Amino acid sequence: RIFIIWAISSWFRRGPAPQEQSSAGGTPRAPSRNLFPKDTLMDLYVYISEHEHFTDFNVTSALFWQKRDLVYGDWTSGENADGCYEHYGEVDISQVGAPAAPSGRLEASWKRSFLPVINKYKRRRFQKTKNLLTGETEADPEMIKRAEDYGPVEVISHWHPNLTINMVDDHTPWVKGSVPPPLDQYVKFDAISGDYYPILYFNDYWNLQKDYFPINETLQRLPFRLSFCPLSLWRWQLYAAQSTKSPWNFLGEDLYEQSDEEQDSVKVALLETNPYLLALTIVVSIVHSIFEFLAFKNDIQFWNSRQSLEGLSVRSVFFGVFQSLVVLLYILDNETNFVVQVSVFIGLLIDLWKITKVMDVRLDRENKVAGVFPRVTFKDKSTYIESSTKVYDDMAFRYLSWILFPLLGCYAVYSLLYLEHKGWYSWVLSMLYGFLLTFGFITMTPQLFINYKLKSVAHLPWRMLTYKALNTFIDDLFAFVIKMPMM
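On a predicted model such as this, the values are computed, not experimentally measured, just so you know.

Let's talk about the overall build of the protein chain
The secondary structure content of the protein chain amounts to 12 helices and 13 strands. Here the protein chain, with 487 residues, has 39% of them falling under the buried criterion.

Structure follows, in C-alpha cells:
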C-alpha cells in the first residue's frame, strides 16, 4: 500500500505536460492558474438543504455556518494556530427522511455551488436464525418485524456527526484535459478565463464506518460538527487516491461495503496503534508475505518431486481436503470477503492436487457411474503399502477416531441445543467448522505417531514447515494490531 501511494504521488509530482494538449486551432494549450491568488480574502457560507438542487441562498434558515474574512493559504490562524475553524450545530430532519445535502457557496469575483451528500446509505442485513429444536430466537422482535416487512436486506440512511471542508492550497499550473485521475474530478476550469477554481474537498476519510448511526423515526435533530481547514496538495492526492472506488462494478456492492470495512481496520491501526509497533507490523507483514510465498512454493516442490511416501500420512491429506471443503462451504454460506473465498478455493485445489501425488488416481471407463460418467478409482502407491507407514497411519487414525467421534457428537448436540442457525444446512456447516477450529490440532497426531514409530523426521517437508512455523508467530503479532475474531 505504501509503495502504491508513493508511486501515485511521484507521478503527480511530475506535473502535466502542456505541449501534449492542443486547442481547437492546433496550438498547445497554455497552463491555467488558480483563480484565487495567494492570501486572497474570502467568505464561506454553508447551507444545508434536503433538496438536491439548492439555489435559494437568501433563506437564512438554511444557512448553517458563515465565516468571513478567511485568507486563502493561511496556515497559522484559528484556535489551534493551524488554519482550522470549527462550527457545531444541529440539523433538523423531516419525517420523510430525504437525504440531506449541504451546499457551500464561495463569493468573490465568481459564484459557484458545491453539493456533496452528507448522509450515507448502508444496507442492513437480517439474519433469520432460530433454535432448530424449539423454534425460539433471541433476536429483537422489532428487527424480526422489519425483516418480514422489508425482506432480508434493508437500505437505511446513516449519519456521521463530523465533516471537514478542505481547501487545497495549490497553485499548480494545471492544463485542461491533462489532469490525471482521480484529481480530474475535483479540478474545475472556468469557461471564460480558462483558469481553474480553488479546489474544495469534502473530507470524510477519517469517518469510521462504526461511527455512523441510522436515521430513524425517534430522531428529530442530528448533531453536526463542520470543520474548515487548509490542505496541502500532497495530502489531498493521498486522500483522493484512497477514497476512489474501484471501476470493477461487476463485483457488486457487497465488495464495496467489505472494502470500506477493511479500510477501516487500516485506519484504526493508524489511529490507535503505537508508532513503533505499527512500524514493526509493516516490516513484519512484508516478511510474512515472503514466508507465505516460500511456504507455498516449497510445499508444491516437495509433493511434486516426492518419489516415496514412506513416513508420510496419506489419510491426513484426505482429511485436509475435507477440512478445506468445509471451510469453503462455511464462508460461502456466511458471505465472507471475496478475496478470502478465492484464497480458500485455491487452497482446496492444491489439496485436491496432493491426492494425485499420494495415490494412483485413475478413471474407470468400463464401470461408469449411472452409465454416463467414468468412475474415479483410488489405489495406494506401492511405496506407501510396502513400508510400515500404512500400518502406522491406519493405527493412528483408529486411535484418533476413539477421541474425535465422541467429541464431534457432543459438539453437535451442544450446537443444536444452545445455538441458533438459519437452517439445517447452516447447522451442519457451522457445527463442522466450529469443531475443526476447536479440535483441528488433533489431526496432526497421525503424522506425529508415524514419526514416533519410525524414529525419524527426515521424510518431512522441513522448509515448508519452517516457514509456516515462523508465520505462526507473525500471526500472533497481527492479532494485537488488527481486529480479529475470537475463534
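Having put the structure on the table, let's press on.
Remarks on the pattern of salt bridges
Scanning the entire structure with this criterion turns up nine salt bridges. Between Arg221 and Glu90 there is a salt bridge, and its shortest N-O distance comes to 2.8 Å. Of this pair, Arg221 sits in strand S11 (residues 221-232) while Glu90 sits in strand S3 (residues 85-92), and the two are 131 residues apart along the sequence. One network of salt bridges, with partners in common, ties together Glu90, Asp92 and Arg221.

Some thoughts on the side chain of Asn119
Considering the arrangement of structural elements, one finds Asn119 in the loop between strand S5 (111-114) and strand S6 (120-125). For Asn119, a relative accessible area of 7% corresponds to the buried category. A distance of 2.8 Å separates polar atoms of two side chains, one belonging to Asn119 and the other to Ser157.

Describing the packing of helix H6 (residues 314-333) against helix H9 (residues 389-418)
Running from N to C, H6 and H9 cross one another at 50°; their axes reach a closest spacing of 8 Å. In terms of orientation, H6 and H9 fall into the oblique class. Contacts between H6 and H9 involve Val314, Arg315 and Ser316 on the former and, on the latter, Asp393, Asp394 and Phe397.

What to know about the sheet that holds strand S8 (residues 162-169)
Across the sheet, which stays open at both edges, the four strands sit in the order S3-S11-S8-S9 with mixed pairing between neighbours. Single-partner strands in this sheet number two, and they are S3 and strand S9 (200-203). The average undirected angle you get between the axes of adjacent strands in this sheet is 25°. Sheet topology places S3 next to S11; eight bridges connect them, and they run antiparallel. Across the sheet, residue Val91 finds its bridge partner in S11, namely Leu222. Contacts from helix H3 (residues 233-243) reach S8, S9 and S11 within the one sheet, and its direction differs from that of S11 by about 130°.

Topic: the UniProt feature "transmembrane region" (unreviewed entry) in the protein chain
Feature annotation in UniProt places "transmembrane region" (unreviewed entry) on residues 276-296, 316-332, 338-355, 399-418 and 424-444, given in this structure's numbering. Across residues 276-296, helical content stands at 100% and strand content at 0%; the span's end C-alpha atoms are separated by 30 Å.

What about H9?
The end-to-end C-alpha distance of H9 is 42 Å, a good match for the 44 Å that 30 residues give at a rise of 1.5 Å each. The principal kink in H9, of about 35°, is found at Ser401.

Quick word on the side chain of Ser324
Looking at the element boundaries, Ser324 is found in helix H6. You can call Ser324 buried: its relative accessible area is 15%. Looking at Ser324, its side chain comes within polar contact range of the side chain of Asp351, at 2.6 Å. Beyond its immediate chain neighbours, meaning those up to four positions away, Ser324 contacts Val344, Leu348 and Asp351.

Some words on the environment of Trp462
Following the sequence through the fold, Trp462 ends up in helix H12 (residues 462-481). As for Trp462 and Phe302, which are separated by 160 residues in sequence, their C-alpha atoms are 9.4 Å apart.

Here we look at the state of the cysteines
Inspection of the entire model under this criterion finds one disulfide. Each sulfur in the disulfide pair Cys84 and Cys229 lies 2.1 Å from the other. Its S-S torsion of approximately 130° makes the covalent link between Cys84 and Cys229 right-handed. A residue pair is termed long-range when its members are at least 10 positions apart, and Cys84 in the loop between strand S2 (63-71) and S3 and Cys229 in strand S11 qualify at 145 residues. The pair formed by Cys84 and Cys229 is uniform in burial state, with each residue classed as buried.

Things to note about the environment of Leu35
Looking at the element boundaries, Leu35 is found in the loop between helix H1 (2-13) and strand S1 (41-49). A relative accessible area of 22% means that Leu35 is categorised as partly exposed. Separated by 160 residues in the primary sequence, Leu35 and Asp195 place their C-alpha atoms 6.0 Å from one another. Here Leu35 is in contact with Asp190, Ser193, Asp195, Tyr196 and Tyr197, once residues within four sequence places are set aside.

Observations regarding the packing of aromatic side chains
Applying the stated criterion across every chain yields a total of 18 aromatic pairs. Ring geometry for Tyr414 and Tyr418: centres 5.5 Å apart, planes at 40°, overall tilted. With Tyr414 and Tyr418 both in helix H9 and four residues apart, this pair spans about one turn of that helix. Residue classification places Tyr414 among the partly exposed positions, given a relative accessible area of 42%. What links up through ring pairs into an aromatic cluster is the set Tyr186, Tyr201, Tyr205, Trp206, Trp236 and Tyr239.

Section: a nonpolar patch on the surface
Taken together, the side chains of Leu133, Val413, Tyr414, Leu417, Tyr418, Leu419 and Trp424 define a hydrophobic patch exposed on the protein surface, amounting to about 740 Å² of accessible area. A per-element tally of the nonpolar patch places H9 first, with four residues. Note that Trp424 resides in helix H10 (residues 424-439).

Calculation notes
- Residues numbered from 1 in each chain as written.
- Predicted model: local features only at pLDDT ≥ 70, side-chain atom pairs only at ≥ 80, totals over all residues.
- Heavy atoms only, no water.
- Helix = DSSP H or I, 4+ residues; strand = E, 2+ residues; numbered from the N terminus.
- Buried < 20%, exposed > 50% of the residue type's maximum accessible area, 1.4 Å probe, protein only.
- Salt bridge = Lys/Arg side-chain N within 4 Å of Asp/Glu carboxyl O.
- Polar contact = N/O pair within 3.5 Å; in protein donor to acceptor, adjacent residues only side chain to side chain.
- Axes fitted to C-alpha atoms, helices over the stretch in contact; angles between N-to-C directions.
- Parallel < 35°, antiparallel > 145°, perpendicular 65-115°, else oblique.
- Contact = heavy atoms within 4.5 Å.
- Pairing = 2+ DSSP bridges.
- UniProt positions renumbered as here; feature names shortened; annotations may be inferred.
- Expected span 1.5 Å × (residues − 1).
- Bend = angle between axes of the 7 residues up to and from the residue.
- Disulfide = S-S within 2.5 Å.
- Phe/Tyr/Trp six-rings, centres within 6.5 Å; stacked < 30°, edge-to-face > 60°.
- Patch = residues over 30% accessible without salt bridge, like charges linked within 9 Å, V, L, I, M, F, W, Y side chains within 5 Å.
- Areas by Shrake-Rupley, 256 points an atom, 1.4 Å probe, with all protein chains shown as cover.

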